[in-house]
Amino acid sequence: MTPTGSAGAELARPVIDLHAHSSVSDGTETPAELLAAAAAAGIDVLAITDHDSVAGWDEAAAAAHEHGVTLVRGIEISCAWRHSSIHLLGYLPDPQDRPLRQELARARDSRSTRLERMVERMSADGIPVTYAEVLAQVAPGATPGRPHIADALIANGTIEHRDEAFTSWLGDDSPYYVGHYAPHPVRAVELVRAAGGVPVLAHPFTRTRSASVDDALISRMHEAGLAGLEAYHRDHGPDEVRHAEELAARLGLLLTGSSDYHGTGKRNRLGENTTAPEVLEAIEAASSGVTEVLRP
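Because the structure is predicted, anything quoted here is derived from the model rather than measured. (Residues numbered from 1 in each chain as written. Predicted model: local features only at pLDDT ≥ 70, side-chain atom pairs only at ≥ 80, totals over all residues. Heavy atoms only, no water.)

Caption draft 1: Representation of helix 3 (residues 98-124). In this model, helix 3 (27 residues) spans 40 Å end to end at C-alpha, consistent with the 39 Å of a helix rising 1.5 Å per residue. If you check which residues of helix 3 are buried, you get Leu-100, Glu-103, Leu-104, Ala-107, Ser-110, Arg-111, Arg-114, Leu-115, Met-118, Val-119 and Met-122. In this fold, the buried residues of helix 3 make contact with strand 2 (45-51), strand 3 (70-81), helix 4 (131-135), helix 5 (146-155), helix 6 (162-170) and helix 7 (185-194). Capping the start of helix 3, Asp-97 holds a side-chain oxygen 3.1 Å from the backbone nitrogen of Leu-100, two or three residues further along. (Helix = DSSP H or I, 4+ residues; strand = E, 2+ residues; numbered from the N terminus. Expected span 1.5 Å × (residues − 1). Buried < 20%, exposed > 50% of the residue type's maximum accessible area, 1.4 Å probe, protein only. Contact = heavy atoms within 4.5 Å. Polar contact = N/O pair within 3.5 Å; in protein donor to acceptor, adjacent residues only side chain to side chain.)

Caption draft 2: Molecular detail of unusual backbone geometry. We note that Leu-92 has phi near 60°; this positive angle belongs to a residue other than glycine. Relative to the assigned elements, Leu-92 resides in the loop between strand 4 (84-91) and helix 3. For Asp-260, which is not a glycine, the phi torsion comes out positive at approximately 60°. On the basis of relative accessibility, which here comes to 2%, the residue Asp-260 falls in the buried class.

Caption draft 3: Examining the packing of helix 1 (residues 31-40) against helix 2 (residues 57-67) more closely. It is the contact of helix 1 with helix 2, at a shortest axis distance of 8 Å, that shows an interaxial angle of 30°. The angle between the axes of helix 1 and helix 2 places the two elements in the roughly parallel class. Crossing of helix 1 over helix 2 shows right-handed handedness. Where helix 1 approaches helix 2, its residues Pro-31, Ala-32, Leu-35, Ala-36 and Ala-39 are matched on the opposing element by Glu-59, Ala-60, Ala-63, Ala-64 and His-67. Of the residues contributing to the contact of helix 1 with helix 2, the split by class is 8 nonpolar, 1 polar and 1 charged. (Axes fitted to C-alpha atoms, helices over the stretch in contact; angles between N-to-C directions. Parallel < 35°, antiparallel > 145°, perpendicular 65-115°, else oblique. Left-handed = near helix turned anticlockwise from the far one by under 90°. Nonpolar A, V, L, I, M, F, W, Y, C, P; charged D, E, K, R; others polar.)

Caption draft 4: Looking closely at the packing of aromatic side chains. If you walk through the whole model with that rule in mind, you get 0 aromatic pairs. Across from the ring centre of Tyr-181, 3.6 Å away, lies the NZ or CZ of Arg-106, which sits over that ring. (Phe/Tyr/Trp six-rings, centres within 6.5 Å; stacked < 30°, edge-to-face > 60°. Lys NZ or Arg CZ within 6 Å of the ring centre and 35° of its normal.)

Caption draft 5: Main features of the pattern of salt bridges. Following the criterion strictly, the structure yields 10 salt bridges and no others. Of the charged contacts, one joins Arg-13 and Asp-44 as a salt bridge, the two residues approaching to 2.9 Å between their closest N and O atoms. Residue Arg-13 is located in the segment before strand 1 (16-20), and its partner Asp-44 is located in the loop between helix 1 and strand 2; the two are separated by 31 residues in the primary sequence. For Arg-13, a relative accessible area of 51% corresponds to the exposed category. For Asp-44, a relative accessible area of 23% gives the class partly exposed. Ionic pairing is found between Asp-163 and Arg-267, a salt bridge with its closest N-O pair at 3.1 Å. Linking Asp-163 in helix 6 with Arg-267 in the loop between strand 7 (254-257) and helix 10 (277-286), this pair joins segments that are 104 residues apart in sequence. On the basis of relative accessibility, which here comes to 47%, the residue Arg-267 falls in the partly exposed class. (Salt bridge = Lys/Arg side-chain N within 4 Å of Asp/Glu carboxyl O.)

Caption draft 6: Up close: the side chain of Thr-70. Within the element layout of this structure, Thr-70 appears in strand 3. Owing to a relative accessible area of 11%, Thr-70 belongs among the buried residues under this scheme. Beyond its immediate chain neighbours, meaning those up to four positions away, Thr-70 contacts Asp-44, Val-45, Leu-46, Val-293, Leu-294, Arg-295 and Pro-296.

Here it is, written out as structure tokens:
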């Protein structure tokens, strides 16, 4: 557990969690259920950041009002760099911005075709999963992804948790891995900024990725408009947190903390890492204002 949160501890108010997923991407709860879970967990401010999609925003907004939770609307853009996946959080962008919408649509379409090819490779090696089983795990209108293959394997009794699938078959270095279209991280930063949003690099030094993000890339992203680093995250140990803090101090970047909650899809728990109020204020101030923070 990183410095901003500890399991079961009483957290300082307000509790701000700026990274959570619904069933619109690879979470297991609908946007409404996600907000209900946030309220039950004592979260004061939650960001909904589904992969490459804003389709859950309206449902989340209605539920946030109902449960008295402040909502930050965002996205998590899947980017490609050196044959590895890098994730960029974009807070408060204009959902009607045409270049951003087109890029997200291209990425979603590419995800769909790549999953079918991955399943074909897995089935050929005797792993018991079909594409029909995978599609059954994807909620209507949701962005398909590798976690849905894992969910199909859970549903048919092959494994018990998504982590097992990623360790054995779904990682970036797996023989079953198939790439999909994703923008370069610098391009993604530019798109979010042009749409009036605020880009923050998600879990930049995570130990679960096959390739590590280097400081030179982050410097290039900063020159393009990167606003912050998600330093406080379950996938960062003390060394990774320290590295993020030192780099942020050198470049003048914000530091955020988040759960990266996926419902039962990951072991991450709401509020296990949090963001300081002044950082949220800075994010809000850096946005264009077209998409506002929704307060109850």
